[in-house]
Structures are given as structure tokens and as C-alpha cells.
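Here is how the chains run, residue by residue.
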Amino acid sequence: MNTDASRPLLVDRIADELSRNTRLSVRHRWFVAGLLAAWISLLPSVRSLAADTYDLTPDLKAGQVQQVQAVLEVRGDLLVAADEGGQEKVPIVVTGKVSYEERLLAVSESKHLLRSVRQYHDASAEVKVGQGLAHPKLNSERRLIVAQLGEGGAILFSPQGPLSRDDLDLVDIQGNSLAVPGLLPCRPVQAGERWPLGRESLAVLLGLDVITQSDVQGTFEKRDGQTAILAIEGAAEGSAEGVISKIVIRAKANFDLSRRAVTWLAANIREQREIGQAEPGFDVTARLRLALSPQNQSESLNDQALSAVNLTADGGATLLQFRPQKSGFELVHDRRWRAMLDRHDVCVLRCVDRGDLIAQCNISELADAEPGQRLTLETFQQQVLQSLTSSAGQVTEASQNTTEDGRRVLRVQAAGIASEVPIMWVFYHLSNDSGRQASLSFTFESRMLDRLADGDRQLVESFQFVSRPP
């Protein structure tokens, strides 16, 4: 039945009947007219407000479940710092795919907040950098992921335990499904009408922390049955972890007018990002394909399955786990730390906050000592002073303690000058009853002390000796 065509005929027929019935009072006529208007408003529609005007407001409710599948293909060059301020290009090719069920947990328009929980069925990639090849996969014990989108951007974590940096990179990709509704105008639009995309949602979709400039616009191109065809196009400039990035995007999307939801998105994204303090820059083109399908329910995400799971981002939820491939230890750290080097003799981490280098940490396993033999604090201080002779360093603090699991921790803090810059060092020596030993040294400019806060103590307190790799 063509609803739009049948309405005038229905109105005329009822009007004729009313005109023949002279016993109806004026009040009765108004009552019938009101019923007629209410009945017409309940007829099936796609929220058409005028001949070619449709409401592209997403229908978001807590409890909704959808299946999400995404494929991301990236080609281009990594940019690596070279001598005398130059750059070297290293070719990179990445093919990644994710598949998950997603249940909305909270929707707050006043706080611009969306929260969901996801059960990942797949999150993997093939990464070719130069002649190197890697196949990272999401930890099978971390497939439950909570995603939150708010004024501070996107946060993803696992209530099952800390993610590794590789795990986070696999799930926190361009094309975050929580950001997709934010691309819509959230108002009635006509065919051919344009609107500027909200910067917060666009930043999350593109993998940026913030967008500072943007001319990216959406266009309602046409209606095809129950589908509104949308186009997205423009350029944006912003930053990720304080590093400037420039992006040009061209995309198409399908909006289901009956479901009031985006069901498909395909985008070509050209990105140029500068070299950062802990990561290379890049000049790449990415192709994103995203499919979103509704589900009535999810056994893995129903109330019973989630009843014993903490889905809130408490103090330790966003910490990351670091376990090197060639050393016998592990630790957890906040997301400012990134691994720069992983060798059997030393691992190097850098703490970068909003583009600023806060500190560097060198971690080395030492040869085992005889069981029961421990380095003294006095001897450790002498070793520290010998290492600082060229920087005129002076010990300012020294302490020792034993943890609940029997690890003894020696800590020596020193200050000095390096290249005419005031520098601070914090050295740790860790040992256990079986003779395992390790050293950690933190180096940072004195002015960064407050921003590092207790970052060194957090790493040391979480440090654990584990089985050495074969």
C-alpha cells in the first residue's frame, strides 16, 4: 500500500461521510478530526518531514546490540629521523580486520557520552615494514573490551586485565563504531543539503586526539528506498599524542531510514603525520570498510554474562602490560610509555605526554647472583656515582625496601648537568631470593619531575621476574 498516495483519498472519503451526517455537532466533528490526525500519524513512515526532507537523527538506546566488521588497508611510507635533521622513508603495508558484537551500555546526550561493551571474534593484522613482517593478534584472554566516547575522546580497555600496546593498537583503529553516529547532522535535511561534521566524533573516527582545523562536510546525496546515501569529504588538521597530522577524507555511507542508523561506511583517508618523540611519522593512504548490522541479542553480552564483570574505567583499567620478547620480566605502565627498543641486554621505554618527552627508562636483566647474596645500598650508591662522573652528578636520595613478594628494591636519586641542561636520574636495583637481578634507570630533565610524578615507582612496583624466553 502506498501510504503517501492513500492519505488524500482517505481524508476525502471521511470528509464526505461527515458532511452527510448532519446530526454530528461541531464539537463531535473536532473530535473525529483529532482521531483522524492521530491515526494518520501512526501510519508507517520513514520520518519524512517534507517531500524530500528526512530526519537523519540516530536512534541510540542502551541495550541495543549490533555486529561490527571492519577492514583497514594501509599503504605508504614510514618517516624515520635521520642524521642532520633529515628523514628516511621505509615502505609500509598493513592489512587489518576486526569483528565484534557490541552492546550499548549508556547514552547521554547532555554529556556527549557513549559507552559500549564488545566481544571481539577477530582482531588481527599483517604488517610489512621494509623487509620485516609481523602478524599481531589480539590476546585471546582480552577479547572483552569496553569502549567509551566522551568529551575527552575515546578510551578502550579490557575488564579481563591489562592490554598490551599491540592489543590496544589492534582494537583502537580508525573506524571506531561509537564515532559513526556523530557524523550525522542530527536534524532534518533535504537531498543535496550539506552540514559540517562534528570535530570530536571526526577525530575519534580518524584516530586523532583533537582536530584544530576542518572543512570536512557531509552531504545527503539521495534517498534509495529505505536508505539515505551520504557523502563525506574534506580536509582536517589535528594531532595525536601531540604530533601534528594532516588528513584528507573521501567517504560514502548508508543510513537506514527505518532503523535510523548507519549500516555501512567506506572511506579513503590520506594522512601525513610528523615524526614524534616515541613513534615514526608516516605518509600513507588508508582504505576503510565498515559494516554495522543489528542483532536482537548477544549471548556473550547479555545481563547474565556481564553480571560479574566490572565495566567501569577505574584507576588501573587503562594500564598497559609490557612483556619483552627477549627478557624474563614483565610490568604494567600508563599509556604515556612506549617501547623503543627490545633486546636481550636492554629494553628502552619513553614516556611522552602531549608530544613532550617526559622521561626515558632503560631496563636490563643482570646476571644471577648466588642465592642469598644481595647488593648493598652503599655499594649501589658508589656504582651510581661512578656512572655520573662526566655529568657532575650528586646523589640526593637513597632508600631500600622489600616488597610483599620478597623482592628487594634499592633506589638512588641523583641530579646533575648534561649538555648544560639540569638532569635528574633515578636508579633502581631489584633482586629476589633466588638470585634474579635487574636494573632500571630513569633519565629526565629536572623541569619534568612534576609531570613524571610517580611514574618511575609505578613501573618498579609492578615489575615481576618471569620465565626467561628460550
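Definitions and limits used
Residues numbered from 1 in each chain as written. Predicted model: local features only at pLDDT ≥ 70, side-chain atom pairs only at ≥ 80, totals over all residues. Heavy atoms only, no water. Pairing = 2+ DSSP bridges. Helix = DSSP H or I, 4+ residues; strand = E, 2+ residues; numbered from the N terminus. pLDDT = per-residue confidence, 0-100. Contact = heavy atoms within 4.5 Å. Salt bridge = Lys/Arg side-chain N within 4 Å of Asp/Glu carboxyl O. Buried < 20%, exposed > 50% of the residue type's maximum accessible area, 1.4 Å probe, protein only. Core = buried A, V, L, I, M, F, W, Y, C linked by side-chain atoms within 4.5 Å.

The next point concerns the pairing of strand β23 (residues 394–402). Where β23 meets strand β24 (residues 408–418), eight bridges bridge the pair, whose relative direction is antiparallel. What sits directly across from Q400, in β24, is L410. Between β23 and β24, which follow one another and run antiparallel, lie five residues, and G406 among them has a positive phi close to 95 degrees.

For the protein, the mean per-residue pLDDT works out to 89, and 89% of the residues sit at or above 70. Confidence drops under a pLDDT of 50 for residues 1–48, and excluding neighbours within four residues, the segment shows 25 contacts in the predicted structure.

So, on to the pattern of salt bridges. Applying the stated criterion across every chain, the model contains 27 salt bridges. We note a salt bridge from D303 to R103, for which the minimum N-O separation is 2.7 Å. In this pair, D303 sits in helix α5 (residues 303–306) while R103 sits in strand β4 (residues 87–108), placing the two residues 200 residues apart along the sequence. You can call D303 exposed: its relative accessible area is 56%.

Proteins that are soluble and globular tend to have nonpolar side chains buried together. Counting residues in hydrophobic clusters, the biggest one holds 65 residues, and the most contacted among them are L56, Y120, F220, L230, F255 and L265. Residues within four places of Y120 in sequence aside, it is in contact with V98, S99, Y100, L138, R143, I145, L156 and V171. Counting 26 residues, the second largest nonpolar core, distinct from the first, contains F322, W337, I358 and F444.

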